[in-house]
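Observations on chain architecture
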Amino acid sequence: SQQQQQQQQQQQQQQKQPQTSQHASSPLLPAGTEDLDLKTNDNAYHVIGALLTDRLLPKLDAHPGCTHYSLDQDDVDFFNGMLPYSVRRRFVDAVRYRLQLIKSGGRMGSVVGKAGDDAGWRRLTMQCQLLGLERMHQNVLLDLAQSVGKNYPINLKDQGPLAFGAAANGTQRQQQQQQQQQQ
């Protein structure tokens, strides 16, 4: 019948349209990265970790001696736009996994990416711990919907020069940017 043909045509048109969902890829991540293993894929871990720390560590640099940081609406929009919840959740799991490796003296032998670059992922993991990105509660990555203006405590426990060295690098970057703007 004509009605059945119309229904079939509508179904075919819907199948041709791109599907969107909470797992849709972001501008940062290509399609198919929803299943990316951030525990062992060093390159992906670095990309996402750098995106996060480059945005959050300057908040600590801006307020020396602070014990917390907070997000504004621009931060929330940025993270929501760049990292789907499923990726943020897997990143938290990867930070927790990598912290366990650090505590046990383990190495990332099966890492996809640069061989022997243990110091890079260790420093990044310690920076993420400083920002509290390993927590199950009071974690900015998992609380984005309610995070504007909320204070997130930093974690000074077990932090050494690995994490704080990065904050100093962030300050140096800011100083270089300011000098370039003045010229």
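Structure shown above.
Keep in mind that this is a model prediction, so the values were computed, not measured.

With respect to the helices and strands, the residue L56 is situated in helix α2 (residues 42-61). In this structure L56 touches Y69, L71, F79, L131, L133 and V140, once residues within four positions along its chain are discounted.

Most peptide bonds take the trans configuration, and most residues that are not glycine carry a negative phi. Even without being glycine, Q138 reaches a positive phi, approximately 55 degrees. Tracing the backbone shows Q138 in the loop between α5 (118-130) and β2 (152-153). Under the relative-accessibility criterion, Q138 is labelled partly exposed at 39%.

Next up on the list: α5. Here α5 is 13 residues long and its end C-alpha atoms lie 18 Å apart, about the 18 Å a rise of 1.5 Å per residue gives. Burial runs high along α5: eleven of the 13 residues are buried. Listed in full, the buried residues belonging to α5 are D118, G120, W121, R122, L124, T125, M126, Q127, C128, Q129 and L130. Phi turns positive one or two residues past the end of α5, at G132, with a value near 80 degrees.

So, about α2. An ideal rise of 1.5 Å per residue puts 28 Å on 20 residues; α2 measures up with 26 Å between its terminal C-alpha atoms. The sharpest bend along α2 reaches about 30 degrees and sits at T53. A distance of 3.2 Å separates the backbone nitrogen of N43 from a side-chain oxygen at the start of α2, and that oxygen is part of N41.

Calculation criteria
Residues numbered from 1 in each chain as written. Predicted model: local features only at pLDDT ≥ 70, side-chain atom pairs only at ≥ 80, totals over all residues. Heavy atoms only, no water. Helix = DSSP H or I, 4+ residues; strand = E, 2+ residues; numbered from the N terminus. Contact = heavy atoms within 4.5 Å. Buried < 20%, exposed > 50% of the residue type's maximum accessible area, 1.4 Å probe, protein only. Expected span 1.5 Å × (residues − 1). Bend = angle between axes of the 7 residues up to and from the residue. Polar contact = N/O pair within 3.5 Å; in protein donor to acceptor, adjacent residues only side chain to side chain.

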